[in-house]
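Understanding the architecture of this molecule
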Amino acid sequence: MKITIIGAGPGGYEAAIMAAKLGAEVTIVEKKEVGGTCLNIGCIPTKALLASSDVLTTSLEADKFGVFNDHTTADLKQMIERKDKVISGLVKGIEFLFESNGVNLVRGTGKLIDSKTVEVQLNDGRVETLVSDKILLATGSVPVCPEMFHYDAIKNDEIKDPGKRVITSTEALALTTPPKSMIVVGGGVIGCELGQFFSRMGAQITIVEMADQILSSEDEDVAKQLLRQFKREKIKVLTASGVADVKVQDSGVVVTLANGKTLEAEMMLLSIGRTSYSKGLSLETVGIKIDPQGHIEVDDNLETSVKGIYAVGDLINTPFLAHVASKEGIIAAENMMGKAKIGLHKAIPRCVYTDPQVAAVGITESEAQQRGIPYKTGSYDFRALGKAQIIGKIQGQVKIIVDDKDVIIGASIVGPEATDLLAEVTMAVHLGLTAEMLGDVIHPHPTLSEAIMEALHDVHGKSINKVSLRI
Ligand SMILES: Cc1cc2nc3c(=O)[nH]c(=O)nc-3n(C[C@H](O)[C@H](O)[C@H](O)COP(=O)(O)OP(=O)(O)OC[C@H]3O[C@@H](n4cnc5c(N)ncnc54)[C@H](O)[C@@H]3O)c2cc1C
């Protein structure tokens, strides 16, 4: 079986390795670095920079632990260099995995000629034609940049001027000097993570969000906790605020909000979402259907409207997350090799790497209310937990949501290491476990995971360590 994959992000590269392991002859086409958005301009670089700002915060608070460090300073340029080193090591790792699994990496831009043929404009100027039995499209997404925001740094997918006033996450991750002030348009995951990062680097941040709360699809209590921390750090947050006009001047950006109020800053970060990227693939030539939002349409097996051509990741209408893309890549690879696996989207973890972290799976409490699902909740504050007191991170809580049969249907965590803690409840939602089953598991002490155990017990009013007032 010969397989050609276009795009070596998490969707494409994991599919390539899985298909090779299953015996396929695989060629993967990538026009930039392997690892895609996630590794080069997404998950890994943001979290590498946030790791630096975490060290900064810890260092600034060291005296609370009896450690004195009078000379803490931060250098964004060196943080960027460290981030780039992390990326290049991981890029080499993927290239090595390709080599060791016999995956042929072709560096260039691919497009469809017919349902079996991909033409590649190689980066060295030559053209190569690849004929295969099956094709996987995994070309990802790009930031949404409506014209009114005057973002013009990226032309023909190349960053022309990373020093622009109006930037996206791509340029933000390459800034070596923090701006004095920055308006962040969009209080979603990227806006909150990068907003808090640049605030900790010394920038005066104003987050402008259209919805009534930041992280609009997450639990209200969770968003409130994050907002409380942002206020403590003097990050301004304007919710229920739309942008009506943007003017770019030599000195900075002037934003007029829908309510007439104006804001000025040195820079503006545009983080209002991403859109599937299928530009130049020639989908129309082979008749691949796309939906009105520009996602490629696929069936349950991730096959497009053209037999033998599959699509995964940010290109299709599933959550734009790296772990979703890689899971879909693996499923598509198995299906191209003759299996009939169905995409499993029941328990998708959602993580925000702010401080405190936010992590959720399944449905939120307000979603349960809106959908009329009978539910019960259990919760537990980190403040009451030994481990949280030990590490000095006491803000936040765990909230568990169960249905009328005690089956765990959702969880929202805000607090220390929330993103790692979420794995346990994700497994529970995936396997359909009840609060009683998971609560019966002995959790190690002292750990943050005990907050989950206590919240599970609290569903039945049996949390031993929860402080509740019974008058
Ligand atoms: C700032 C930021 C932070 C993020 N943080 C997280 C996070 O913490 N956790 C998380 O789960 N997700 C995160 N994401 C989302 C995550 O990066 C994406 O969901 C994921 O990368 C999608 O994977 P993909 O394989 O579909 O596409 P991509 O990773 O976008 O890869 C597509 C690849 O295709 C290549 N390509 C495109 N067209 C062609 C062509 N014609 N020929 C050849 N190659 C082509 C591109 O160069 C790219 O390498 C973040 C995104 C951003 C922007």
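Analysis parameters
- Residues numbered from 1 in each chain as written.
- Predicted model: local features only at pLDDT ≥ 70, side-chain atom pairs only at ≥ 80, totals over all residues.
- Heavy atoms only, no water.
- Helix = DSSP H or I, 4+ residues; strand = E, 2+ residues; numbered from the N terminus.
- Rg over C-alpha atoms; globule rule 2.2 N^0.38 Å.
- Buried < 20%, exposed > 50% of the residue type's maximum accessible area, 1.4 Å probe, protein only.
- Contact = heavy atoms within 4.5 Å.
- Lys, Arg positive; Asp, Glu negative; His and termini not counted.
- Charge placed at Lys NZ, Arg CZ, Asp CG, Glu CD.
- Domains from an automatic or database assignment.
- Buried area = accessible area lost by both parts, 1.4 Å probe.
- Salt bridge = Lys/Arg side-chain N within 4 Å of Asp/Glu carboxyl O.
- Polar contact = N/O pair within 3.5 Å; in protein donor to acceptor, adjacent residues only side chain to side chain.
- Nonpolar A, V, L, I, M, F, W, Y, C, P; charged D, E, K, R; others polar.
- Pairing = 2+ DSSP bridges.
- Axes fitted to C-alpha atoms, helices over the stretch in contact; angles between N-to-C directions.
- UniProt positions renumbered as here; feature names shortened; annotations may be inferred.
- Expected span 1.5 Å × (residues − 1).
- Near = heavy atom within 4 Å.
- Areas by Shrake-Rupley, 256 points an atom, 1.4 Å probe, with all protein chains shown as cover.
- Parallel < 35°, antiparallel > 145°, perpendicular 65-115°, else oblique.
- Left-handed = near helix turned anticlockwise from the far one by under 90°.

1. With respect to the overall build of the protein chain
Counting its regular elements, the protein chain contains 14 helices and 24 strands. Against the compact-globule benchmark of 23 Å for 471 residues, the protein chain has a radius of gyration of 24 Å, which places it among compact chains. Dimensions of the protein chain along its principal axes, counting C-alpha atoms only, are 75 × 60 × 45 Å. The burial tally for the protein chain puts 51% of its 471 residues in the buried class. Put simply, 62% of the contacts in the protein chain that link residues at least 6 apart link residues at least 24 apart. Put simply, the protein chain has 49 plus and 60 minus side-chain charges, and the middle of one group is 1 Å from the middle of the other.

2. Considering the domain arrangement of the protein chain
The domain architecture assigned to the protein chain consists of domain 1 (2-142 + 275-336), domain 2 (145-272) and domain 3 (350-458). When each unit is reduced to the centre of its C-alpha atoms, the spacing between domain 2 and domain 3 is 30 Å. Listed as interface residues are 18 residues of domain 2 and, on the opposing side, 17 residues of domain 3. For the domain 2 and domain 3 pair, buried surface summed over both sides reaches about 1400 Å², with 53% attributable to carbon and sulfur atoms. Looking at the side of domain 2 facing domain 3, the largest losses of area belong to Glu218, Asp219 and Gln225, adding up to 36% of the total buried there. Where domain 2 touches domain 3, the interface holds 4 salt bridges. Close ionic contact of arginine 350 with glutamate 218 constitutes a salt bridge, the shortest N to O distance being 2.7 Å. Remark: the boundary between domain 2 and domain 3 carries 8 residue pairs in polar contact (both at pLDDT 80 or more). Residue assignment for the side of domain 2 that touches domain 3 shows that the elements contributing at least two residues are α6 (189-200) and α7 (220-232). It is α7 that provides the largest number of residues to the side of domain 2 that touches domain 3, a total of 8 residues. Here the side of domain 2 that touches domain 3 is built from residues that sort into 6 nonpolar, 4 polar and 8 charged.

3. Considering the sheet that holds strand β4 (residues 117-122)
In a beta sheet, neighbouring strands are held together by backbone hydrogen bonds and run either parallel or antiparallel to one another. The sheet built from 7 strands is open, its strands ordered β5-β4-β3-β2-β1-β6-β19 with mixed pairing. Every other strand in the sheet has two partners, leaving β5 (127-131) and β19 (309-311) as the edge strands with one partner each. Neighbour-to-neighbour, the strand axes of this sheet turn through a mean angle of 35 degrees, independent of strand direction. Summarising the sheet, strand β1 (residues 2-6) and strand β6 (residues 134-137) pair through 4 bridges and their orientation is parallel. Within β6, the position partnered with threonine 4 by the bridge is isoleucine 135.

4. Side note on the UniProt feature "domain: Pyridine nucleotide-disulphide oxidoreductase dimerisation" (unreviewed entry) in the protein chain
Per the UniProt record, "domain: Pyridine nucleotide-disulphide oxidoreductase dimerisation" (unreviewed entry) is annotated on residues 348-455. Along residues 348-455 the backbone is 34% helical and 29% strand, and the end-to-end C-alpha distance reaches 20 Å.

5. Details of the pattern of salt bridges
Within the structure shown, the criterion is met by 18 salt bridges. Taking the shortest distance from any N to any O, the salt bridge between glutamate 81 and lysine 77 comes out at 3.4 Å. With a gap of 4 residues between them, glutamate 81 and lysine 77 both fall in helix α4 (residues 76-100), about one helical turn apart. Classification of lysine 77 as partly exposed rests on a relative accessible area of 46%. Across the pair arginine 107 and glutamate 95 runs a salt bridge whose closest N-O atoms are separated by 2.9 Å.

6. A few points about the side chain of aspartate 406
Relative to the helices and strands, aspartate 406 is located in the loop between β23 (397-403) and β24 (408-415). Here the side chain of aspartate 406 touches histidine 460 through a polar contact of 2.9 Å, side chain to side chain. Look past the residues within four positions of aspartate 406 in its chain and what remains in contact with it is Leu433, Thr434, Ala435, Glu436, Val459 and His460.

7. What about helix α3 (residues 43-60)?
For α3, spanning 18 residues, the distance from its first C-alpha to its last is 26 Å, which sits close to the expected 26 Å at 1.5 Å a residue. Every buried residue of α3 is listed here: Pro45, Thr46, Ala48, Leu49, Leu50, Ser52, Ser53, Leu56, Thr57 and Ser59.

8. What to know about the site of the ligand
In the vicinity of the ligand, 37 residues are found, and the nearest of them are Gly11, Glu30, Thr37, Lys47 and Ala322. Lysine 31 places a main-chain nitrogen or oxygen 3.3 Å from a nitrogen atom of the ligand. Note that an oxygen atom of the ligand is positioned 2.7 Å from one of the side-chain N or O atoms of lysine 47. When the ligand sits alone it has 1000 Å² of accessible area, and the protein chains cover 94% of it. Considering every element that reaches the shell around the ligand, the biggest residue donor is helix α2 (residues 36-41), with 4 residues. The class makeup of the residues in the shell around the ligand is 16 nonpolar, 16 polar and 5 charged.

9. Let's talk about the packing of helix α1 (residues 10-21) against α4
Angle between the axes and distance between the axes are the two parameters that describe a pair of packed helices. The contact between α1 and α4 brings their axes to 10 Å, and the two run at 25 degrees. Considering the angle they form, α1 stands roughly parallel to α4. Where α1 crosses over α4, the handedness of that crossing is left-handed. Counted together, Tyr13, Ala16 and Ile17 of α1 and Ile94, Leu97 and Phe98 of α4 form the full contact between these two elements. Along the lines of polarity and charge, the residues of the contact of α1 with α4 split into 6 nonpolar, no polar and no charged.

10. Quick look at unusual backbone geometry
Cis peptide bonds are those with omega within 30 degrees of zero, and the linkage from aspartate 355 to proline 356 qualifies with 5 degrees. Cis geometry marks the peptide bond from histidine 445 to proline 446; its omega dihedral reads -5 degrees. Inspection of the secondary structure assignment puts proline 446 in the loop between α13 (435-439) and α14 (450-458). In this structure, lysine 234 takes a positive phi of about 65 degrees despite not being glycine. Positionally, lysine 234 belongs in the loop between α7 and β13 (236-238). Residue classification places lysine 234 among the exposed positions, given a relative accessible area of 62%. With a phi angle near 50 degrees, alanine 240 is a residue other than glycine that sits in the positive phi range. Relative to the elements of secondary structure, alanine 240 occurs in the loop between β13 and β14 (243-248).

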